[in-house]
Amino acid sequence: AADGAVAALDAASRPVVSVFNHAVSDALGTNVEAFSDLGAWFEETAEFAATRDDVNWLFLDHPQQAMYDASDFFGRLSGRHTDNTHMTFMRSMDLSKNFLTALTDLVLTVRGSVSNEYPALGIPALQSGWSEWSKCGFTSVAETPEDYFRMLTEHIDSLLAGEVLITPEQVERARLWAWFYRSGSDVPSGLVQQWQVGEGDELFKLLSINMLQTEVDAEPAFTASTIFGIEAKDAGNISTIAFIAGG
């Protein structure tokens with residue numbers, strides 16, 4: 001079934017826009033996003049896609065959707081677009097990541113990690129919400145629905161014109177982020193307490209106390225900062241940034 005769905009994309013003759021669904025009930029109202037909620041973004045993107053049959057559209061469900069949604073949102077939306085042969089709805093686990101990256105020309109998401117993973121491979125991404133990396137300069141970020149559909153139209157038109165939508169510098173930035181997020185920020189340190197100790201102001205208060213008591217030459221976070229060529233007196237800023245970014 002997956003092979004047949006992929007074959008229907010006609011990827012050889014038209015660009016493929018891959019739309020990555022989110023767990024639609026996850027962390028509602030906790031992020032800065034262009035649309036009212038994650039489901040609205042996915043649904044309105046599908047409605048837009050129905051009007052653009054000059055490209056292929058691949059809509060992928062979130063791998064853990066069953067844990068967050070009992071309403072069959074993805075299935076019902078797919079059913080409304082069965083007559084649109086340029087649109088394909090699939091479970092994301094039905095395709096390997098290698099195959100999916102080889103197939104995709106443009107990534108759409110609100111805040112998903114695909115928007116830092118795919119640019120690192122040279123594939124452009126358009127976000128419609130805030131993420132830890134959305135200000136790092138390797139994705140396009142829409143702040144309103146109007147911005148989103150305008151930017152999406154521009155991206156599609158550029159793809160059809162054969163233009164390259166991502167620069168070597170953006171690829172380098174995305175790869176640097178991937179290294180920092182997955183490896184460089186993985187520093188064993190007691191500066192930041194486990195989140196269960198306290199949230200919000202309490203956690204920042206504990207961080208401030210620990211920062212006042214730490215010894216620069218004995219704290220792994222400060223030692224790690226030398227990788228970035230940062231003086232010890234400025235390393236506290238890096239520790240705070242890593243904490244805010246979830247490092």
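If you're wondering where the values come from, they're calculated on a predicted model, not measured in any experiment. Position labels on residues start from 1 in each chain and follow its written sequence. With pLDDT at 70 or above as the cut-off, local features in this predicted model cover only qualifying residues; side-chain atom pairs require 80 or more to be listed or tallied, and sums for whole chains, interfaces and linings still use all residues. Values shown for side chains rest on all heavy atoms present in the structure; no hydrogens or waters enter the calculation.

> Mind showing me how you'd approach the overall build of the protein chain here?
Looking only at helices and strands, the protein chain features 11 helices and six strands. Within the span of the protein chain, comprising 247 residues, buried residues form 43% of the whole. Put simply, of all contacts in the protein chain between residues at least 6 apart along the chain, 65% involve residues at least 24 apart. On the protein chain, roughly 13,200 Å² of surface is accessible, and the fraction owed to carbon and sulfur atoms is 53%. Under the DSSP-based scheme used, a helix requires at least four consecutive residues in state H or I and a strand at least two consecutive residues in state E, with every element numbered from the N terminus. Any residue under 20% of the maximum accessible area for its type is buried, any over 50% is exposed, and the rest in between are partly exposed; the area is computed with a 1.4 Å probe on protein chains only. We call two residues contacting when some pair of their heavy atoms lies within 4.5 Å. Working definition of accessibility: Shrake-Rupley area with a 1.4 Å probe, residue cover restricted to the visible protein chains.

> Looking at this structure, how should I read unusual backbone geometry?
If a residue is not glycine, its phi is most likely negative; likewise, a peptide bond is most likely trans. Although it is not a glycine, Asp72 adopts a positive phi angle of roughly 60 degrees. Along the polypeptide, Asp72 turns up in the loop between α3 (65-68) and α4 (73-79).

> Is there a simple way to think about the nonpolar core in this case?
As a rule of thumb, soluble globular proteins bury nonpolar side chains together. Here, the term nonpolar core denotes a set of buried Ala, Val, Leu, Ile, Met, Phe, Trp, Tyr and Cys residues that are joined through side-chain atoms within 4.5 Å. Trp57, Phe59, Leu108, Tyr148 and Leu152 are the most contacted members of the largest nonpolar core, which totals 29 residues. Of all elements in the fold, only β1 (16-20), α2 (38-50), β2 (56-61), α4, β3 (87-91), β4 (106-109) and α7 (145-160) reach the threshold of two or more residues within this core. Ranked by size, the runner-up nonpolar core spans 13 residues in total, among them Leu58, Met90, Leu100 and Tyr118.

> I tried to follow the packing of α2 against α7 on my own but got confused; where do I start?
To characterise two packed helices, one gives the angle between the axes of the helices and the distance between these axes. Fitted lines through C-alpha atoms give the axes, limited to the stretch in contact for helices. The angle between two N-to-C directions lies from 0 to 180 degrees. One way to put it is that α2 packs onto α7 with a least axis distance of 12 Å and a crossing angle of 45 degrees. The angle between the axes of α2 and α7 places the two elements in the oblique class. Helix-helix and strand crossings are classified by hand; for α2 and α7 the assignment is right-handed. Counted together, Trp41, Glu44, Thr45 and Phe48 of α2 and Tyr148, Phe149, Leu152, Thr153 and Ile156 of α7 form the full contact between these two elements. Grouping the amino acids of the contact of α2 with α7 by side-chain chemistry returns six nonpolar, two polar and one charged. Angle categories: roughly parallel below 35 degrees, roughly antiparallel above 145, roughly perpendicular from 65 to 115, and oblique for all the rest. Two helices crossing with the near one rotated counterclockwise from the far one by less than a right angle form a left-handed crossing, whereas a clockwise rotation gives a right-handed crossing. The residue classification treats Ala, Val, Leu, Ile, Met, Phe, Trp, Tyr, Cys and Pro as nonpolar and Asp, Glu, Lys and Arg as charged. All others, Gly included, are polar.

> Would you explain the environment of Asp147 in this entry?
Following the sequence through the fold, Asp147 ends up in helix α7. Spatially, the C-alpha atoms of Asp147 and Ala34 are 8.6 Å apart, while their sequence positions differ by 113 residues.

> Sorry if this is basic, but what is going on with α2 here?
By this rule the span expected of a helix is its residue count minus one, scaled by 1.5 Å. Across its 13 residues, α2 extends 19 Å between first and last C-alpha, which sits within 8% of the 18 Å expected from 1.5 Å per residue. Residues of α2 that are buried make contact with β1, β2, α4, β3, β4 and α7. The N-capping residue of α2, defined by a side-chain oxygen 3.0 Å from the backbone nitrogen of Gly39, is Asp37. N or O atoms within 3.5 Å of each other form a polar contact, as long as, within protein, one can give a hydrogen and the other can take it, and as long as residues adjacent in sequence are counted only when both atoms are side-chain atoms.

> Looking at this structure, I do not really get the sheet that holds β1. What am I missing?
The strands making up a sheet are joined through hydrogen bonds of the backbone, oriented either antiparallel or parallel. Only strands joined by at least two bridges in the DSSP assignment are considered to pair. Pairing in this open sheet of six strands is parallel, and the strands run β3-β2-β1-β4-β5-β6 from one edge to the other. If you trace the sheet from one side to the other, it starts and ends with β3 and β6 (140-141), each paired once. In this structure, β4 lies alongside strand β5 (residues 125-127), joined through three bridges in parallel fashion. If you follow Thr109 over to β5, its bridge partner there is Gln127. On top of the sheet, α2 reaches β1, β2, β3 and β4; it is set at about 160 degrees to β2, its chief contact. α7 contacts β2, β4, β5 and β6 of the sheet and is inclined by roughly 165 degrees relative to β4.

> Mind showing me how you'd approach the side chain of Thr45 here?
Relative to the elements of secondary structure, Thr45 occurs in helix α2. Assessed through its relative accessible area of 0%, Thr45 is described here as buried. Among the polar contacts made by the side chain of Thr45, one reaches the side chain of Tyr148 at a distance of 2.9 Å. Look past the residues within four positions of Thr45 in its chain and what remains in contact with it is Val19, Trp57, Phe59, Leu108, Tyr148 and Phe149.

> Which parts of the structure should I look at to understand the packing of aromatic side chains?
The relation between two aromatic rings is expressed through the spacing of the ring centres and the mutual angle of the planes. Working definition: a ring pair exists when centres of Phe, Tyr or Trp rings (six-membered ring for Trp) sit within 6.5 Å. Plane angles under 30 degrees give stacked, over 60 give edge-to-face, the rest tilted. One pass over the structure, following the stated rule, counts 15 aromatic pairs. Judged by centre distance (5.7 Å) and plane angle (70 degrees), the ring pair of Phe74 and Phe89 falls under edge-to-face. Taken as a pair, Phe74 in helix α4 and Phe89 in strand β3 lie far apart in primary sequence, 15 residues in all. No difference in accessibility class separates Phe74 from Phe89, as the two residues are buried. Here a set of aromatic residues connected by ring pairs shows up, and it is made of Phe35, Trp41, Phe42, Phe48, Trp57, Phe59, Phe73, Phe74, Phe89, Tyr148 and Phe149.

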